Amino acid sequence: MAQYAKPLARLVGEFEKLPGIGPKSAQRLAFYILRLSEEEAKSLADAIVEVKLRIGYCRVCYNFTDQEVCDICRDTRRSDETICVVADPRDLIAIEKTGEFRGKYHVLGGVLAPMEGIGPDQLKIRELLARLQTQEAEIKETVIATNPNVEGDATALYLARLLKPLGVRVTRIAHGVPVGGDLDYADQATLIQAYEGRREM
Amino acid sequence: MAVYKTNALVLRRIPLSETDKILTLFTREYGKLSAVAKGSRRTTSRLSGATEPLMLLRALLAEGMNLDVVTQAEIRESFPLVRGDFGLFLRATYACELLDRLTVERDPAPEAFDLLLSTLYVLQRAVDPDAALHAYELQLMAQVGYEPRLDACVRCERDLISGDLSPGGFSPTRGGVLCLDCAAQAREEVLPFTLLALHTVIGLANQEDARALAATEIPIEARDAINRALRAHLRLRLERDVKSTAFLDALRIGAMDDLLSAPMDSQARD
Ligand SMILES: [Zn+2]
Ligand SMILES: [Zn+2]
């Protein structure tokens, strides 16, 4: 990066660390910022610092929030009877966007990955259990919405083992052929899952 | 660019980019190899399901500059019973990780491939999944030359089998059983190992019949000794601990079911 002035090289270097950003894109972003007014640049820098300072985890569901308890958890119009368990805040957003789910969430902060040494203790599973045990009367169902891959499956199996003895209903979101997709083009694993999850009509 | 077909088991996969995965495949013909599965992280990809761990594939690969590329994959077996049971899934994951750790890339080992495959089938109908797993560990170690000495004292060579002599213990450092005299004199760590444990382990090491193995049950009195001896033996021969071992141990002692009273970390990683 000898061709850049030092501060510019630093900015390009920082951008390159971001996911999905290669050297070319990093350069383009850095030059874009260079053309911004000082005010615009400050506003961007402030936004980055503010998100780091103000955003933390919701004390109840471990979603990101700028308050102690997040908006979803405080929303009295949402049901306390169903908790949807997701691995990641991005999964929560994906489900929220459907507008279908009106219960509360629990964000695990990852999935079980034996080969990576990620166990139950590194996830917010203890916290989920505590939630179920203190509000027992309220929570009737936990919907496990982990990804349909080996880690997501293992996490769901583990949670089912753990939660069923508490007397709450444990369900998992179905997986199958994508809507608008073509059976002929679906991969075998998906078709097998879709077949196993068939429904009475 | 050369293209080849092979039977492969997916040992593990890591994300490479937003859309691609890198797979560690164990093939019957070429041994272990890494390959890129392009687009396989997309939910609409035909490869997304096939490129998950524990899938047995008939795969078409193309030789690449650095890594080969999976161009087509047909699932031959997905081991649904293993995937659907947490305990079996953990054991299968451990079996895959152990094979990954004990082999190098591009070194054909068809007997190791067959052993893993038959272990996954046996796990699906085993009355005692730990019997299947320990038989796998013992037989895989024998294939790579890490097997513990079981027929005679590893220190003085005294024959324990024909005399039906009770062993004095198991020495992970020396890699085998010790007679009573040697166990008493040993300065290294000696783990308890009974005659029952010894007979069980020898039986598992030599059991090649899948049906019989699936029906084998490890006697309760010998269970703990066998677990501990094989674990310590393997840990010393591999540079690092097999990561999924911690999970299996936690599962075996029930710590995984009792998160609140028994934190997994303190119990599993002694
Ligand atoms: Zn919340
Ligand atoms: Zn001896």
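Residues numbered from 1 in each chain as written. Chains lettered and ligands numbered in written order. Predicted model: local features only at pLDDT ≥ 70, side-chain atom pairs only at ≥ 80, totals over all residues.

Q: Looking at this structure, I do not really get the overall build of chain A. What am I missing?
A: In terms of regular secondary structure, chain A is built from 8 helices and 6 strands. Helices and strands in chain A line up, N terminus first, as α-α-α-β-β-α-β-α-β-α-β-α-β-α. Relative to the globule expectation of 17 Å for 201 residues, the C-alpha radius of gyration of chain A, 22 Å, shows a markedly less compact shape. Seen through its principal axes, chain A has C-alpha atoms that stretch 65 × 45 × 35 Å. A buried classification covers 24% of the 201 residues belonging to chain A. Across chain A, contacts joining residues at least 24 apart in sequence account for 46% of those joining residues at least 6 apart. (Helix = DSSP H or I, 4+ residues; strand = E, 2+ residues; numbered from the N terminus. Rg over C-alpha atoms; globule rule 2.2 N^0.38 Å. Buried ≥ 20, exposed ≤ 12 C-beta atoms within 10 Å, placed from the backbone. Contact = placed C-beta atoms within 7 Å.)

Q: What is the right way to look at the sheet that holds strand β3 (residues 82–86) of chain A in this model?
A: Two modes of strand pairing occur in sheets, parallel and antiparallel, and in both the strands are linked by backbone hydrogen bonds. Residue and element names in this part refer to chain A. Taking strand neighbours across the sheet as the criterion, the 4 strands line up as β4-β3-β5-β6 in an open arrangement whose pairing is parallel. Each edge of the sheet is formed by a strand with only one pairing partner; in this case those strands are β4 (104–107) and β6 (169–172). Strand-to-strand, the axes of this sheet are offset by a mean angle of 25 degrees, without reference to chain direction. Pairing of β3 with β4 involves 4 bridges; the strand directions are parallel. The residue of β4 that forms the bridge with V86 is V107. Here helix α7 (residues 150–163) sits on the sheet in contact with β3, β5 (141–144) and β6, set at roughly 170 degrees to β6. (Pairing = 2+ DSSP bridges. Axes fitted to C-alpha atoms, helices over the stretch in contact; angles between N-to-C directions.)

Q: Where do I start with the environment of L150 of chain B in this structure?
A: Residues and elements named next belong to chain B. Tracing the backbone through its elements, the reader meets L150 in the loop between α4 (129–144) and β6 (169–171). Between the C-alpha atoms of L150 and H199, which are 49 residues apart in sequence, the distance is 9.0 Å. Apart from residues no more than four positions distant in its own chain, L150 is found in contact with G176, V177, L198, V201, I202 and A205.

Q: I'm lost on the domain arrangement of chain A in this one. Help?
A: By a widespread convention, an interface's size corresponds to the accessible area lost as its parts come together. Split into domains, chain A comes out as domain 1 (6–53) and domain 2 (79–172). One C-alpha centre belongs to domain 1 of chain A, the other to domain 2 of chain A; they are set 36 Å apart. (Domains from an automatic or database assignment.)

Q: Looking at this model, I keep getting lost on the interface of chain B and chain A. Mind explaining?
A: On the side of chain A, 27 residues touch chain B, which itself brings 31 residues to the contact. For the side of chain B that touches chain A, the secondary-structure elements that each account for two or more residues are α2 (86–102), α9 (245–252) and α10 (264–268) of chain B. Looking at the side of chain B that touches chain A element by element, the count peaks at 5 residues for α2 of chain B. Of the residues contributing to the side of chain B that touches chain A, the split by class is 15 nonpolar, 7 polar and 9 charged. (Nonpolar A, V, L, I, M, F, W, Y, C, P; charged D, E, K, R; others polar.)

Q: I keep staring at the environment of D100 of chain B and nothing clicks. Help me out?
A: Residue and element names in this part refer to chain B. Take D100: it is sitting in helix α2. Considering only alpha carbons, one finds D100 and A232, 132 residues apart in sequence, at a separation of 18 Å. When neighbours within four sequence positions are excluded, D100 is seen to be in contact with L11, R12, T24 and K32.

Q: What should I look at first to understand the domain arrangement of chain B in this one?
A: All names here are of chain B. In terms of domains, chain B is made up of domain 1 (3–78) and domain 2 (81–148 + 190–268). The C-alpha-based centres of domain 1 and domain 2 are spaced at 26 Å. Listed as interface residues are 15 residues of domain 1 and, on the opposing side, 16 residues of domain 2. Where the side of domain 1 that touches domain 2 is concerned, the elements lending two or more residues are β1 (3–15), β2 (21–27) and β3 (31–37). Top element by residues in the side of domain 1 that touches domain 2 is β3. It accounts for 4 residues.

Q: It is not clear to me how the sheet that holds strand β5 (residues 68–77) of chain B should be interpreted in this structure. Could you clarify?
A: Residues and elements named next belong to chain B. Sheet architecture is closed into a barrel: 5 strands sit in the order β1-β2-β3-β5-β4, paired in mixed fashion. Shown here is a sheet whose adjacent strand axes are inclined to one another by a mean of 50 degrees, direction ignored. Across 7 bridges, the pairing between strand β4 (residues 56–62) and β5 is antiparallel. If you follow A62 over to β5, its bridge partner there is V69. Here α2 sits on the sheet and contacts β1, β2 and β3; the angle it forms with β1, its principal contact strand, is near 110 degrees.

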